[in-house]
Amino acid sequence: MGCSGCRFRVNFGKALSKVSVFFTMVLIFTYFFYCLTGFCDSAPRAAYRQQTSDLDYDILDDLRSPRRLFPDAPFQRNRTGSADAPAEPSQNTLDSEKETAKSNGIPVSNTFGTKRFPQAIIIGVKKGGTRALLEFLRIHPDVRAFGAEPHFFDRFYDKGLEWYRNLMPRTLDGQITMEKTPSYFVTKEAPSRICTMNCQTKLIVVVRDPVTRAVSDYTQTLSKNPGLPSFQSLALKNSSTGLIDTTWSAVRIGLYAKHLENWLQYFPLSHFLFVSGERLVSDPAGEMGRVQDFLGLKRVVSDKHFYFNQTKGFPCLKKPEGSSRPRCLGKSKGRPHPQIPSEVLQRLRDFYRPFNHRFYQMSGQDFGWD
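Criteria and thresholds
- Residues numbered from 1 in each chain as written.
- Predicted model: local features only at pLDDT ≥ 70, side-chain atom pairs only at ≥ 80, totals over all residues.
- Heavy atoms only, no water.
- Disulfide = S-S within 2.5 Å.
- Buried < 20%, exposed > 50% of the residue type's maximum accessible area, 1.4 Å probe, protein only.
- Phe/Tyr/Trp six-rings, centres within 6.5 Å; stacked < 30°, edge-to-face > 60°.
- Lys NZ or Arg CZ within 6 Å of the ring centre and 35° of its normal.
- Helix = DSSP H or I, 4+ residues; strand = E, 2+ residues; numbered from the N terminus.
- Pairing = 2+ DSSP bridges.
- UniProt positions renumbered as here; feature names shortened; annotations may be inferred.
- Contact = heavy atoms within 4.5 Å.
- Polar contact = N/O pair within 3.5 Å; in protein donor to acceptor, adjacent residues only side chain to side chain.

Enquirer: Help me understand the state of the cysteines, please; the structure alone is not making it clear to me.
Expert: Where two cysteines share a covalent bond between their sulfur atoms, that bond is called a disulfide. This structure, assessed with the given rule, holds one disulfide. Between the sulfur atoms of cysteine 195 and its disulfide partner cysteine 199 the distance amounts to 1.7 Å. Judged by the sign of its S-S torsion, about 80 degrees, the cystine formed by cysteine 195 and cysteine 199 is right-handed. Given a relative accessible area of 27%, cysteine 199 falls into the partly exposed group.

Enquirer: What am I meant to see in the packing of aromatic side chains here?
Expert: Note on aromatic pairs: each is described by the distance of the centres and the angle between the planes. Summed over the entire model, instances satisfying the criterion amount to 27 aromatic pairs. Between the aromatic rings of phenylalanine 351 and tyrosine 352, the centroid separation amounts to 5.2 Å while the plane-to-plane angle is 65 degrees, which identifies the pairing as edge-to-face. Overall, the relative accessible area of 1% leaves tyrosine 352 in the buried class. Ring-pair connections join several aromatic residues into one group, and the members of that group are Tyr256, Trp263, Phe267, Phe272, Phe274, Phe359, Tyr360, Phe367 and Trp369. Above the plane of the ring of phenylalanine 294 lies lysine 202, whose end atom (NZ or CZ) is 5.5 Å from the centre.

Enquirer: Is there a simple way to explain the pairing of strand S11 (residues 272–276) in this structure?
Expert: Successive residues of a regular strand alternate their side chains across the two faces of the sheet. Most of S11 sits out of view: five of its five residues are buried. The two faces of S11 match: Phe272, Phe274 and Ser276 on one face and Leu273 and Val275 on the other face are all buried. In the sheet, strand S8 (residues 202–207) pairs with S11 via five bridges, with the strands oriented parallel. In the strand pairing of S11, valine 206 is matched with valine 275.

Enquirer: It is not clear to me how the UniProt feature "binding site: 3'-phosphoadenylyl sulfate" (unreviewed entry) in the protein chain should be interpreted in this structure. Could you clarify?
Expert: When the UniProt feature table is mapped onto this chain numbering, "binding site: 3'-phosphoadenylyl sulfate" (unreviewed entry) sits at Lys127, Gly128, Gly129, Thr130, Arg131, Arg208, Ser216, Lys333, Gly334, Arg335, Pro336 and His337. Mapped onto the elements of the fold, serine 216 is located in helix H8 (residues 210–224). Judged by its relative accessible area of 8%, serine 216 is buried. If we skip the residues at most four places from it in the chain, serine 216 touches Lys127, Arg208 and His337. Of note is the side chain of serine 216, whose polar atom sits 3.5 Å from the side chain of arginine 208.

Here's what the structure looks like:
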């Protein structure tokens, strides 16, 4: 009996050992299977934390929705003509995103990562050069940006922060999430709303001579509405008195100092970078160097990425590897401006001068518009 008990204990111990080894092998196999399929890379790294957000960056909803792998889709408009949520990405959008990923050194097969709130936002201004800046930044391998203008903090705030976060592209550790919506700068509620999301957000404002900017703004609207009244009739309250009509948005946007006062109630000046729209054209590499420094990025975007397009009158991106042609901004950029009477332009310059000087003092930069 004693020997039988010994044999039973020995056999039981061997069986238990085999079971332990079996379950260990199953766990190891399961771990390697998920890693090989990419799931391990999709989990958020514990080292990264959003400082001011209470939301968890759970990407399970992204994994359930393969159509959202490339969210840089244009906005669609509903039947009433108002802006709606971003449309589902088309095949052209998917191909464009894949090409951008290739040029940024990101494997196309890597569709994992974490959707984060933007750490930096281009908040203005309209017709200042925001689209050019965003496209130049997207060359950088450590920048991932939503391609369309989400208008979350001025039009779609009621949809909630989670809706906004889900619009953003996935990023890996060390990459910056960005978006641009130029109307934020002139929206009264935008500063407090962005601060609610994250008061540490870096803010980029692309500014341009307000007179030239107003004419460019008018030119864009005129292209969509050929029956628009003349520039001077919109800019002046009364042609005889020469008073400027600040209720016209094309004029009001150029009051940079007044808009900045609103933002400085929520963000310190150190959180802003003011980019010259003029220098973005004349010296894109130099201005991009300032932007990369501000964002804490290595200076990757440089002279070698640009050439000047004489026809359009502004710089374009040289042909990236794997692409068949250089990348220039769309046909809507570089439109010829209509002829505006010189006395009207001079009245506008006189009107803007004190606001410009105040803006120079507030920003610490003289943009030389006078």
